[in-house]
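Per-entry structural report
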Number of protein chains: 2
Amino acid sequence: MTEATRRERLRAETEREIRQAARALLVESGRDAVTLRAIARKLGITAPALYRYYDSHDALLRQLCDDICADMATALHTDLAAETSGQVGCKVRAVCHAFRRWALVHPQEFALVFASPRDPLGADQFGSVFLQLAGPLIASNQTADHAEEEVPAVLHEDLVRFQQVLRDAVAEHGVTLADEVLNLGKIYHVVQSWVRLYGHVALEVFGRFPFAVSNPEPMFDSMLDQMLTDIGFEEDSAVR
Amino acid sequence: MTEATRRERLRAETEREIRQAARALLVESGRDAVTLRAIARKLGITAPALYRYYDSHDALLRQLCDDICADMATALHTDLAAETSGQVGCKVRAVCHAFRRWALVHPQEFALVFASPRDPLGADQFGSVFLQLAGPLIASNQTADHAEEEVPAVLHEDLVRFQQVLRDAVAEHGVTLADEVLNLGKIYHVVQSWVRLYGHVALEVFGRFPFAVSNPEPMFDSMLDQMLTDIGFEEDSAVR
DNA sequence: GTTTTTGGTGAACGGTGTTTACAAGAGTTC
DNA sequence: GAACTCTTGTAAACACCGTTCACCAAAAAC
C-alpha cells in the first residue's frame, strides 16, 4: 500500500513537523509568533528551506487554518459520539457545548479561523465541517415542523441554495431527505442558531460582553435552551 | 480659555497626525501595516521620535482602539439622532443598522476592536459606548414587561450587577429608573440581543456564514424583527 | 544669559519575509 | 560504477520591523 519513496516519506515527515511547530507557536504565543524563522529554529533548519514546502508565509498560515479546522472537526465529532442518548436535542446541545469548549481552550486558533477579515475566496474547510456536523443532526430531527411562511420571501433564494447544499451533504452519508424535514423554516432557524452560537462564543472568547460575566456557562446554557426551543427541540431539551 | 503653550499646541497637533496616520494605515492595509516606521514616514519624521508620544507600538495600538471606539460612537449617535420618530423600537433598529453599517464599512477597525484576543484588563472604551447608547434606549422603553421568573437563577448575580451599571449610566443623563422598567428579564434580553446583533455582524464581516449569502441585509432585518419582538417592541417594529 | 526640558536625529541590535546562488546528497540512467 | 538530474538544504543579502542609545538643536524656564 505505502508506495511512498523514501524521499517522499521524509518530505511528508518534515511537512508534518512544520505544521506541528507552527501550531505550537500559535498556541503558545499568538498569531504574530508564527514566524518562518521561529518554525525553522524549532526544526533545526534555516528559514529559506521552508520555501521548499510553502510558497510564502501566507500560504503556511492558510494551511494552518485548514489544520485547525480539521482538528476542531475531530474534537467536535468525538464529543458528539460521546453523547449516546438517541435524543437529537441532546446531540445538538453536545455539539454546541463542544464548540464553546474548543473555542475557550483554543482562543488563538478560534481568532485565526473565525475572526480574521477573510481571504477573498474564503474557500477553506469550515463550511464542510459545519455541514458534516449539522447535516446529520438536522436530518435526524424528523419531528419539528416550521411554518415556511414566517421566512421572509427575500431570503428564499439563499435558503433554497443552502437547503440543496445540506441535502448534498447528508446524501453523502447515504440519507435522502424529504422536503418536509428540510423545509425553509427549519433552514432559517439553523442559520439563526449559528448566529447565536457563534455570537455568544466569540463574545466570550474576546471578552466583549458589555459587562463582566463572572460565569458565562449558565448564560450559554440558557441561550441554548432558548435556541433549541426556537428550533423545535423543546420536548427533550429540559432533560440534561 | 486656550491656556495652551505654543509647545503644547504643536505636541497635540503631532499626536493628532500620528493617530490619523495610524488609522489610515489600518484602513488601507490592515493591522499588520500599522507600523511605527510607516507612521513616521507619513509624518516625515523618524521612527524613534514616536517614542516621545507613545511608550511602545502596543500602546499606540491601544490608543488606536480607543480612537476607533470614539469614532464608532459618534457614528452611531449620529444615525440615532437621524431617527426622529418617537418610537423606541425604531431607534433601536436604527442603532443596530448603524452598527452593522459601520462594521461593514470598517472591517479592519471592527476586527481590531471586536475580535482580538483581549488585553488582560480589557479596560477600553467599548463598555461605555455600549452603555451610552443602550442605556437611554432601555430607559425610554417603559412599556414592555418581562417575566423575571424566566431568567435562570444562576444569572441573577451578574445581571443585577449589570442592572446597576445600566442604572448608573442612565443616571448620568439625569434619569432615574424604576425597578419595573429595568427588571432582570429585560436586562437578560438586552444581553441576548447583543449576542445576536454581534453574531450576525461578525459573521458577515468575517464571511463565516456556512453558505454564501447573496444579500445579507434582509437576513439582518429579519433577525432584528425577531429580536425586537423578543425584547418587547413588536408593536412598532412592523413599521419601518 | 544660563540652564533645563522637549522633540527630534542617526546608528545600532536583533528580529522578520523573501530572493538568490550554491552545495551536497538521493535517485535515475546508461 | 560513472554521469546526470532532481531535491533539499545552506549562507548571504535586501529591505523591513520594534526598540534603545547617544547626541543635538531649539524652545522654555529661570
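Residues numbered from 1 in each chain as written. Chains lettered and ligands numbered in written order. Predicted model: local features only at pLDDT ≥ 70, side-chain atom pairs only at ≥ 80, totals over all residues. Heavy atoms only, no water.

Points about the overall build of chain A
What counts here: Strands here are runs of E lasting at least two residues and helices are runs of H or I lasting at least four, both read from the DSSP assignment and numbered beginning at the N terminus. Buried means the residue's accessible area, taken with a 1.4 Å probe over protein chains only, is under 20% of the maximum for its type, while exposed means over 50%, and partly exposed covers the values in between.
Secondary structure assignment for chain A yields ten helices and zero strands. Listing every helix and strand of chain A by position from the N terminus yields α-α-α-α-α-α-α-α-α-α. Dimensions of chain A, computed from C-alpha atoms along their principal axes, come out at roughly 60 × 50 × 40 Å. Scored against the burial criterion, the 240 residues of chain A give a buried share of 50%.

A look at the packing of aromatic side chains
Residues and elements named next belong to chain A. Stated precisely, the cut-off is as follows: Pairing of aromatic side chains requires ring centres within 6.5 Å, counting the rings of Phe and Tyr and the six-membered ring of Trp. Pairs whose planes differ by under 30 degrees are stacked, by over 60 edge-to-face, and all others tilted.
Scanning all chains against the criterion turns up 28 aromatic pairs over all chains. With centroids separated by 5.7 Å and ring planes inclined at 50°, the aromatic side chains of W194 and Y198 adopt a geometry described as tilted. With a gap of four residues between them, W194 and Y198 both fall in helix α8 (residues 184–205), about one helical turn apart. Summarising the burial analysis for this pair, W194 and Y198 share the class buried.

So, the state of the cysteines
Residue and element names in this part refer to chain A. To keep things clear, this is the line we draw: Only a pair of cysteine sulfur atoms within 2.5 Å counts as a disulfide in this structure description.
Summed over all chains, the structure comprises zero disulfides over all chains. C90 takes part in no disulfide bond, and the closest cysteine sulfur to it belongs to C96, at a distance of 12 Å. By relative accessible area, C90 is classed as buried at 11%.

A closer look at the UniProt feature "domain: HTH tetR-type" (unreviewed entry) in chain A
Where we set the bar: UniProt positions are given in the numbering used here, feature names are shortened, and annotations may be inferred rather than shown by experiment.
Those residues carrying the UniProt feature "domain: HTH tetR-type" (unreviewed entry) are residues 12–72 of chain A in this numbering. The distance from the first to the last C-alpha atom of residues 12–72 of chain A is 22 Å, and the span holds 69% helix and 0% strand.

A word on the nonpolar core
Nonpolar side chains tend toward joint burial in soluble globular proteins. This is how it is decided: Residues belong to a common nonpolar core when they are buried Ala, Val, Leu, Ile, Met, Phe, Trp, Tyr or Cys residues joined through side-chain atoms within 4.5 Å. Here, two residues are considered to be in contact whenever any of their heavy atoms come within 4.5 Å of each other.
With 163 residues, the main nonpolar core has A:F110 and B:F110 as its most contacted residues. The greatest single-element share of this core, amounting to 14 residues, is contributed by helix α8 (residues 184–206) of chain B. In contact with B:F110, not counting residues within four places along its chain, are B:F99, B:W102, B:A103, B:A115, B:Y198, B:V201, B:A202, B:V205 and B:F206.

Some points on the side chain of B:R100
Tracing the sequence through the fold places B:R100 in helix α4 (residues 88–105). Discounting residues that sit within four places of it in the chain, B:R100 has contacts with B:H200, B:V201, B:E204, B:P216, B:E217 and B:F220.

Focus: helix α7 (residues 156–171) of chain A
All names here are of chain A. Note the cut-off: To estimate how far a helix should extend, the number of its residues minus one is multiplied by 1.5 Å.
Taking 1.5 Å as the rise per residue, α7 with 16 residues should run 22 Å; its terminal C-alpha atoms sit 22 Å apart, in good agreement. Buried within α7 we find D158, L159, F162, Q163, L166, R167, A169 and V170. Contacts made by the buried residues of α7 are with α6 (126–139) and α8.

Focus on the protein's contact with DNA strand C
Put simply, the rule reads: By convention in these notes, a residue is near a molecule or strand provided one of its non-hydrogen atoms lies within 4 Å of it. Side-chain atoms alone can form a polar contact between residues adjacent in sequence; in general such a contact is a pair of N or O atoms within 3.5 Å, and within protein one must be able to donate a hydrogen while the other accepts it. Polar here means any residue other than Ala, Val, Leu, Ile, Met, Phe, Trp, Tyr, Cys and Pro, which are nonpolar, and Asp, Glu, Lys and Arg, which are charged; Gly is therefore polar.
Around DNA strand C sit 20 residues, and of these A:T35, A:L36, A:R37, B:T46 and B:R52 come closest. Near the protein, within 4 Å, the atoms of DNA strand C are sugar or phosphate in 57% of cases. One of the side-chain N or O atoms of A:T35 is found 2.2 Å from a sugar or linking oxygen in DNA strand C. Contact between DNA strand C and A:L36: a phosphate oxygen at 2.5 Å from a main-chain N or O atom of the residue. Broken down by secondary-structure element, the contributors of at least two residues to the surface near DNA strand C are α1 (6–29) and α2 (36–43) of chain A together with α1 (6–29) of chain B. If you tally residues by element for the surface near DNA strand C, the top one is α2(A), at three residues. Broken down by class, the residue content of the surface near DNA strand C amounts to eight nonpolar, four polar and eight charged.

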